[in-house]
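Observations on the model geometry
If you want the building blocks of each chain, they are given just below.
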Amino acid sequence: MEKQHKLRIGIFGGSGYGGSELLRILLFHPNVELVFVTANEQAGKPIGEVHRNLNGLTHLNFVKAPETLDAIDCVFLALPHGQAMDVVPGLPANVKAIDLSGDFRLRDQAVFEKHYKQPHTAMSSQAEFVYGLTETNREAIKQARLIANPGCFATATLLGMAPLVANHLLSGRVVVDAKTGSSGSGAKAAANTHHPQRMNSFYAYKPFTHQHVPEIEQELEHVGDWTSELVFMTHSLPVARGIFASIYAEAKEEMTEDEVRKLFADYYRESFFVRLVNGSPDINWVKTTNFCDIGFAARGRQIVVFSALDNLVKGAAGQAVQNMNLIFGLDETTGLKLVGTNP
Ligand SMILES: NC(=O)c1ccc[n+]([C@@H]2O[C@H](COP(=O)([O-])OP(=O)(O)OC[C@H]3O[C@@H](n4cnc5c(N)ncnc54)[C@H](OP(=O)(O)O)[C@@H]3O)[C@@H](O)[C@H]2O)c1
């Protein structure tokens with residue numbers, strides 16, 4: 001570790017679901033001292049009153065803004081899209097930052113503005129950001145000051161595709177059929193995420209236009225020689241947490257399931273948080289954990305990869321802490337061996 005003292009950490013936007021998970025992890029992280037947590041409407045309230053799972057576990061209150069950023073080592077930003085770009089350019093140069101939003105993931109301003117439907121006002125800061133998919137970008141993350149934490153769908157999709165793309169095994173288009181739980185839309189209810197609407201329901205949304213598509217394509221080009229077509233389709237599941245992606249691909253040559261498994265096992269041999277399973281993964285076994293479970297099936301040249309994770313943990317706060325660990329020279333699993341529940 002670079003420093004002897006505990007890392008002094010601040011959170012911008014701690015009263016939402018991403019912030020809630022950051023707090024659940026960071027309050028018990030052995031190398032972290034939590035200094036401030038901001039909120040907007042919830043500012044002034046005790047954290048344990050807003051996140052009732054944390055009742056009795058911290059005396060901190062949400063604040064509107066930090067009094068100072070002096071002596072802060074790292075901040076997490078869990079704000080709605082479009083707000084981190086107001087905060088990051090003003091951070092002192094010695095403060096590291098991990099942004100959970102989409103503000104700094106895309107290198108092309110025009111692509112950002114098309115998919116997020118707003119102007120980008122801090123592209124000069126974007127150039128300093130490293131894309132924080134830990135398993136494909138570990139060495140760059142260790143050297144980074146600013147991390148753009150990946151989207152939840154992007155994490156599930158990229159972890160399911162990276163070994164195939166990096167080994168140049170695919171031919172033709174890849175179809176990704178992905179589903180998310182309702183917490184992906186944040187803590188504030190909207191008409192289409194409201195309980196009566198979501199429960200016992202299942203529907204597709206944002207065909208061809210989901211904002212994670214350019215992020216996935218950008219990272220696939222970084223991982224391998226990706227020139228194929230990606231068809232990416234998102235659906236709403238009637239559960240609170242979880243992403244499940246079925247990835248349909250065609251290999252250049254016939255492959256057995258065992259060959260696909262060996263390829264993934266080699267690629268992820270250093271990656272504690274990627275677990276290879278037999279048959280299908282299940283969002284129940286990754287819920288509340290930082291694991292991404294991956295399973296396969298193969299027939300001739302056809303391959304299907306199944307990828308499951310918790311959108312709020314490996315898809316957001318857990319991966320963000322994994323990246324913080326790497327930046328500060330800690331073991332990447334520190335504070336993150338979160339165990340799920342059975343059932
Ligand atoms: N949910 C997921 O599965 C997920 C996964 C990956 C990435 N992300 C990204 O992570 C970010 C946070 O997501 P979330 O689901 O945690 O959102 P959320 O539940 O809506 O929380 C947003 C947070 O930002 C604060 N906030 C809202 N408007 C603000 C303003 N005008 N000024 C200052 N603070 C403001 C909110 O404070 P109040 O509560 O006080 O209003 C809250 O703390 C988003 O960019 C999201 O896209 C989310």
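Since the model is a prediction, treat every value here as computed from it, not as a measurement. (Residues numbered from 1 in each chain as written. Predicted model: local features only at pLDDT ≥ 70, side-chain atom pairs only at ≥ 80, totals over all residues.)

A few words now on the domain arrangement of the chain. Segmentation of the chain into domains returns domain 1 (7–149 + 314–327) and domain 2 (153–310). A straight line from the C-alpha centre of domain 1 to that of domain 2 covers 24 Å. Each side of the interface is counted separately: domain 1 has 18 residues, and domain 2 has 24 residues. Put simply, the parts of the chain that give the side of domain 1 that touches domain 2 at least two residues each are helix H4 (109–116), helix H6 (134–142) and helix H12 (313–327). Residue contributions to the side of domain 1 that touches domain 2 peak at five residues, all from H12. Looking at side-chain class alone, the side of domain 1 that touches domain 2 contains six nonpolar, eight polar and four charged residues. (Domains from an automatic or database assignment. Contact = placed C-beta atoms within 7 Å. Helix = DSSP H or I, 4+ residues; strand = E, 2+ residues; numbered from the N terminus. Nonpolar A, V, L, I, M, F, W, Y, C, P; charged D, E, K, R; others polar.)

Spatial ordering of the open sheet is given by S8-S9-S7-S10-S13-S12-S11, a layout of seven strands whose pairing is mixed. Every other strand in the sheet has two partners, leaving strand S8 (203–205) and strand S11 (274–276) as the edge strands with one partner each. Strand-to-strand, the axes of this sheet are offset by a mean angle of 25°, without reference to chain direction. Note that strand S7 (residues 174–180) and strand S10 (residues 243–250) share six bridges and pair antiparallel. Residue pairing for S10: Thr180 is matched across the bridge by Ile243. The sheet contacts of helix H10 (residues 257–267) involve S11, strand S12 (292–299) and strand S13 (302–309), and relative to S12 the element is tilted by about 150°. (Pairing = 2+ DSSP bridges. Axes fitted to C-alpha atoms, helices over the stretch in contact; angles between N-to-C directions.)

Taken together, 29 residues are adjacent to the ligand, and Gly13, Gly16, Gly18, Ser101 and Gly186 come closest. Of the residues forming the shell around the ligand, the biggest block, three residues, is contributed by helix H1 (residues 17–26). For the shell around the ligand, the two domains that each supply at least three residues are domain 1 (7–149 + 314–327) and domain 2 (153–310). (Near = placed C-beta within 6 Å.)

Let us look at unusual backbone geometry. Residue Pro343 is bonded to the preceding Asn342 through a cis peptide linkage, with omega at 5°. As for its position among the elements, Pro343 is in the segment after H12. A positive phi angle, near 55°, is found at His168, a position not held by glycine. Tracing the backbone shows His168 in the loop between helix H7 (152–166) and S7. Classification of His168 as exposed rests on a count of 11 C-beta atoms within 10 Å. Not every positive phi belongs to a glycine, and Phe208 is a case in point at roughly 65°. Classification of Phe208 by C-beta neighbours within 10 Å gives exposed; the count is 8. (Buried ≥ 20, exposed ≤ 12 C-beta atoms within 10 Å, placed from the backbone.)

For Gln197, the position within the fold is in helix H8 (residues 195–198). Given 16 C-beta atoms within a 10 Å radius, Gln197 is considered partly exposed. Separated by 41 residues in the primary sequence, Gln197 and Pro238 place their C-alpha atoms 9.1 Å from one another. Each residue touching Gln197, except ones within four places of it in the same chain, is listed here: Ala191 and Asn192.

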